[in-house]
Amino acid sequence: MNIQEKIEILIPTYNRKPCIKHTLEHLISPDSPVKCSITVLDNASTDGSSEVIESFAKKFANVTHIRHPKNIGGNANIARAYEMAAAPYVWVMCDDDEYDLTNWHELELALKHTPPAVVVANYNA
């Protein structure tokens, strides 16, 4: 199994058009090491987020847009992300955080050894 098939990214979102656009641009940029599946769970956004997500899904084969027919609530949308996860490792990502992918290769190296979990955090204030 290819390393990029071992991990998937799921992003719950609702009415966060500028945030989800910025996050997807960052993950999909030409210099991004992220090549895995990215699924955005759209909680029936009404602010144009759906159109932004759909435009990425049409351009990039690794981006999937799932739009719920109605808003199921923030916590339920996060839970749905975990329910949908199919890869051995899943990263449920916030739509408005900043991500430094400089050390993505270290994550890929760790996944080659098939650990039960990989935890990455930055606790700098």
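Scroll up a little and you will see the structure.
Our subject in this report is the structure included herewith. Note that this is a predicted model, so its numbers are computed, not measured. (Residues numbered from 1 in each chain as written. Predicted model: local features only at pLDDT ≥ 70, side-chain atom pairs only at ≥ 80, totals over all residues. Heavy atoms only, no water.)

## A word on the sheet that holds strand β4 (residues 89–92)
The strand order β3-β2-β1-β4 describes an open sheet built from 4 strands, whose pairing is parallel. A single partner strand is all that each edge strand has here, and the edge strands are β3 (63–67) and β4. Recorded for the sheet is a direction-independent mean angle of 20° between the axes of neighbouring strands. For strand β1 (residues 7–13) and β4, the ladder comprises 4 bridges, and the chain directions are parallel. Within the sheet, the bridge partner assigned to Ile9 lies in β4 and is Trp91. Against the sheet, helix α2 (residues 17–28) contacts β1, β2 (37–42) and β3, and its axis sits at roughly 165° relative to β1. Contacting β1, β2, β3 and β4, helix α4 (residues 74–84) crosses the sheet at an angle of about 160° to β1. (Pairing = 2+ DSSP bridges. Helix = DSSP H or I, 4+ residues; strand = E, 2+ residues; numbered from the N terminus. Axes fitted to C-alpha atoms, helices over the stretch in contact; angles between N-to-C directions. Contact = heavy atoms within 4.5 Å.)

Read these as geometric descriptors, not functional statements.
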